[in-house]
Amino acid sequence: MLLAYFYLIGLFLTVIFIFAIMNARSKSRNRQRRLLNRTKSDGNNASVLIVVGSGGHTSEILSLVKALGNHYMPRYYIVADTDLMSEHKIEQCEKTKGSSSSNSYYQIFTIPRSREVKQSYLTSVWSTFRALIFSFPLVFKLRPEVILCNGPGTCIPICVAGYFLKLFTGQTTIVYVESFCRVKTLSLSGSLLYHFADHFMVQWPELVMTYPKAKYIGRLV
């Protein structure tokens, strides 16, 4: 756990540097973006950015997406560049919602994977930094009103960028749903985002006893 917090500190030091640069370039466009977001809100739509992992993470997050109403649009999907399966699953999920890739309902974006399975914390510093470089411009360009994720390592740089977007615009909500396989302890992503997510949800009541900020929502899949 101590290594995880050193990992988070390193992320934020990197973010401060990136944010300082982007802040200077974004001020002139801030008012126009607010008008755009206000127009979308008037239409009862909320843009949502969905971080898709691999394997079980993909199945769980897409189960949540299927439950979303069509007013959550456009839907922006983020997948790791080494994930060769999730894009097809996303397209299948969207077909069940009556969407097509030719309309404005959804788009799929890729970023570098921040941390591979069993990758050491030391080497993941560089890979996470690289993912942040891609995540910040993307998140600030899309300006999602909701960020939805459930634990893949790819969500860390996206949520860090989303957190700073929230500080900058006040219009982004981060929703984290811990994976069903986490019964008594949080995942690394969950441990890092527990303190920063606006809504932190778990699927096992045992976790609420240890992490009081969490909200028990029952099994989703």
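Here, every reference points to the structure presented above.
Since this is a predicted model, take the numbers as computed values, not measurements.

### A look at unusual backbone geometry
Line of reasoning, step 1. Of note, the amide linkage connecting M73 to P74 takes the cis form, showing an omega dihedral of 0°.
Line of reasoning, step 2. Within the fold, P74 resides in the loop between α3 (56-67) and β2 (75-80).
Line of reasoning, step 3. Here R143, not a glycine, exhibits a phi torsion of approximately 50°, which is positive.
Line of reasoning, step 4. Positionally, R143 belongs in the loop between α5 (121-142) and β4 (146-149).

### Points about the sheet that holds strand β5 (residues 173-177)
Line of reasoning, step 1. Ordered by their spatial adjacency, seven strands build an open sheet running β3-β2-β1-β4-β5-β6-β7, and the pairing between neighbours is parallel. At either margin of the open sheet sits one strand with a lone partner, and together these are β3 (106-111) and β7 (215-216).
Line of reasoning, step 2. Contacts from helix α6 (residues 155-169) reach β1 (48-51), β2, β3, β4 and β5 within the one sheet, and its direction differs from that of β4 by about 160°.

### Some words on the packing of aromatic side chains
Line of reasoning, step 1. Scanning the entire structure with this criterion turns up eleven aromatic pairs.
Line of reasoning, step 2. Pairing Y194 with Y211 gives two aromatic rings, centres 5.5 Å apart and planes at 70°, and the pair type is edge-to-face. Linking Y194 in the loop between α7 (188-193) and β6 (199-202) with Y211 in the loop between α8 (205-210) and β7, this pair joins segments that are 17 residues apart in sequence.
Line of reasoning, step 3. Ring pairing ties together the aromatic residues F136, F140, Y163, F164, F168 and F196, which thus form one cluster.
Line of reasoning, step 4. Above the plane of the ring of Y194 lies K213, whose end atom (NZ or CZ) is 5.9 Å from the centre.

### Regarding the side chain of E94
Line of reasoning, step 1. Positionally, E94 belongs in helix α4 (residues 86-96).
Line of reasoning, step 2. Residue classification places E94 among the buried positions, given a relative accessible area of 0%.

### A short note on the nonpolar core
Line of reasoning, step 1. Within the largest apolar cluster, 35 residues are counted, with the highest numbers of intra-cluster contacts made by L49, C155, I158 and F200.
Line of reasoning, step 2. Contributing elements (two or more residues each) for this core: β1, β2, α5, β4, α6, β5, α7 and β6.
Line of reasoning, step 3. Top element by residues in this core is α6. It accounts for ten residues.
Line of reasoning, step 4. In contact with C155, not counting residues within four places along its chain, are V51, C149, Y176, S189 and L193.
Line of reasoning, step 5. Listed in part, the 16 residues of the second largest apolar core include I50, I61, V79 and Y106.

Parameters at a glance
Residues numbered from 1 in each chain as written. Predicted model: local features only at pLDDT ≥ 70, side-chain atom pairs only at ≥ 80, totals over all residues. Heavy atoms only, no water. Helix = DSSP H or I, 4+ residues; strand = E, 2+ residues; numbered from the N terminus. Pairing = 2+ DSSP bridges. Contact = heavy atoms within 4.5 Å. Axes fitted to C-alpha atoms, helices over the stretch in contact; angles between N-to-C directions. Phe/Tyr/Trp six-rings, centres within 6.5 Å; stacked < 30°, edge-to-face > 60°. Lys NZ or Arg CZ within 6 Å of the ring centre and 35° of its normal. Buried < 20%, exposed > 50% of the residue type's maximum accessible area, 1.4 Å probe, protein only. Core = buried A, V, L, I, M, F, W, Y, C linked by side-chain atoms within 4.5 Å.

Functional significance is not addressed by these values, which are geometric in nature.
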